Amino acid sequence: MALKDITVIEMAGLAPAPLCGMILADFGATVIRVDKPTGLFVVDTLARGKRSVSVNLKTREGANIVRRLCKNADVLLEPFRPGVMEKLNLGPQILTKDNPKLIYARLTGYGQTGPMAHKAGHDINYIATSGLLSMLGRQGEKPYPPLNILADFAGGGLPCALGIVIALFERSRSGLGQVIDCSMVEGSAYMSAWVDIVRGHFFAKKRGQNMLDGGAAYYDTYETKDGKFMAVGAVEDKFYEALLKGLELDPSKVSQGDDQVEQKQLFEKIFLTKSRDEWVQVFADLDACVTPVLTSDEAAEHPHNQHRGLFLKGTWPNFPNALHPAPAPKLSRTPAEGMKLKPLPSLGEHTIDVLSDFGFSQDELKDLASQGTISKKESL
């Protein structure tokens, strides 16, 4: 695996940082997640293949445990607001002095500096600040967030993982680590670079009136007779011609240049005449960029996705029929590990083993446990 022998210390958090850690773990890194020892434990389904140590960071001894771990680690991944790690005496100045090769990855909403650096936020706030949210939504409707995918994951966890891999590559030349300042606002803007660049061409009209945002009849979704949906992306001429053929429309009477509101109403009426699966059969042999809108469960059963191994299936505690996307992309020589769903760690499941591996003596472990600084495995 590509990241074999790389050790990552991940400070437990929500959404973006766990995804970043999961990506690294999928491709071979040993990811050790530092969990809180008490309080409500939320099962993190992005923790597959990670190891969990339970440490009370509110104590000096607990913070010192993380410091010792980082002395022999390659990466520290932390998702806290600016200043939190410094208050714990675990800031980059201290940890990189202990270990000059350490890559210190900081993943936050607004970044480490600037007027909003200490402000709270969620995905919707970050894409709003990046300018991206203003472009998402139907004509005449308010902007709407596409779940929490854009900032948390596409603009947060993924760029952070990329930054870590880039820093690891650079370290192979310089022998030195560095600090990564990953902002979800900036990551979201980066993901939308193409949109911003072509705004005057593809997005010159108001929201919901452009070709790719629901304004075009040939780039939209349509309800079918059984209440399901088909996705149409027939942008190029040849695909549009195939679309008309599937819909049994005369190309001499219908064109992409027609009024799109009227054309959309026409397409809506036609798609309602058949079920989704009937439309799948209609377009099976037509290269029209027309596909069914599948649920996750349906996507897992789709022949193409099964051939590619898109989803991993298995059983987790509290998740008897877990369905998880497989690692991507696929590498020819050093692929991600296997096609089985890796187990989720229980809270503190690996505390003793990990600390022993990092040189803590049995006497130290007993003292830390008796003080409540560390705790052992708790069932989910």
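Reading guide: rules and limits
Residues numbered from 1 in each chain as written. Predicted model: local features only at pLDDT ≥ 70, side-chain atom pairs only at ≥ 80, totals over all residues. Heavy atoms only, no water. Salt bridge = Lys/Arg side-chain N within 4 Å of Asp/Glu carboxyl O. Helix = DSSP H or I, 4+ residues; strand = E, 2+ residues; numbered from the N terminus. Buried < 20%, exposed > 50% of the residue type's maximum accessible area, 1.4 Å probe, protein only. Core = buried A, V, L, I, M, F, W, Y, C linked by side-chain atoms within 4.5 Å. Contact = heavy atoms within 4.5 Å. Pairing = 2+ DSSP bridges. Phe/Tyr/Trp six-rings, centres within 6.5 Å; stacked < 30°, edge-to-face > 60°. Lys NZ or Arg CZ within 6 Å of the ring centre and 35° of its normal. Axes fitted to C-alpha atoms, helices over the stretch in contact; angles between N-to-C directions.

A. Local environment of the pattern of salt bridges. Applying the stated criterion to the full structure yields 15 salt bridges. Across the pair arginine 33 and aspartate 44 runs a salt bridge, and its minimum N-O distance is 3.6 Å. You can see arginine 33 sitting in strand 2 (residues 30-35) and its partner aspartate 44 sitting in the loop between strand 2 and strand 3 (51-55), a full eleven residues away along the chain. Here arginine 33 matches aspartate 44 in class, with each residue buried. The salt bridge involving aspartate 357 is made with arginine 51; its shortest N-O contact spans 3.7 Å. Of this pair, aspartate 357 sits in helix 16 (residues 351-357) while arginine 51 sits in strand 3, placing them 306 residues apart in sequence. Since its relative accessible area comes to 56%, aspartate 357 is described here as exposed. A residue is classified by how much of its surface remains accessible, and arginine 51, at 23% relative accessible area, is partly exposed. Through salt bridges with shared partners, a single network forms among Lys228, Arg276, Asp277 and Glu298.

B. Structural detail: the nonpolar core. Leu24, Cys160 and Ile164 are the most contacted members of the largest nonpolar core, which has 31 residues in total. Those elements that provide at least two residues to this core are helix 1 (16-26), strand 4 (75-78), strand 5 (103-108), helix 5 (123-130), helix 6 (149-174), strand 6 (179-183) and helix 7 (184-191). Top contributing element to this core by residue count: helix 6, with six residues. Once residues lying within four places of it in the same chain are set aside, the contact partners of leucine 24 are Leu3, Val8, Ala29, Val31, Ile164 and Val165. Core analysis: the next-biggest nonpolar cluster, separate from the first, contains 26 residues, Val34, Val55, Ala63 and Leu95 among them.

C. Up close: the pairing of strand 8 (residues 229-233). Pairing between strand 7 (residues 219-223) and strand 8: five bridges, direction antiparallel. Each bridged residue has a counterpart across the sheet, and for aspartate 220 the counterpart in strand 8 is valine 232.

D. Seen up close, the packing of aromatic side chains. The full count for this structure, using the stated rule, is six aromatic pairs. Note on tyrosine 110 and tyrosine 126: the rings are 5.2 Å apart at their centroids and 85 degrees apart in plane angle, and the pair reads as edge-to-face. Residue tyrosine 110 is located in the loop between strand 5 and helix 5, and its partner tyrosine 126 is located in helix 5; the two are separated by 16 residues in the primary sequence. Of the two residues, tyrosine 110 and tyrosine 126, both sit in the buried class. What links up through ring pairs into an aromatic cluster is the set Tyr222, Phe267, Phe271, Trp279 and Phe283. Positioned above the aromatic ring of phenylalanine 360 is the side chain of arginine 68, whose terminal nitrogen or guanidinium carbon lies 3.7 Å from the ring centre. Sitting over the face of the ring of tryptophan 279, lysine 274 holds its NZ or CZ atom 5.7 Å from the ring centroid.

E. Broad picture of the sheet that holds strand 1 (residues 7-11). Strands sit in the order 6-5-4-1-2-3-12 across an open sheet of seven strands; the sheet is mixed. Every other strand in the sheet has two partners, leaving strand 6 and strand 12 (374-375) as the edge strands with one partner each. Note: strand 5 against strand 6, five bridges, orientation parallel. The residue bridging alanine 105 from the neighbouring strand is isoleucine 180, located in strand 6. Contacts between helix 2 (residues 60-71) and the sheet are confined to strand 1, strand 2, strand 3, strand 4 and strand 12, with strand 1 contributing the most and set at about 155 degrees to the helix. Along the sheet face, helix 7 touches strand 5 and strand 6 and points at about 70 degrees away from the line of strand 6.

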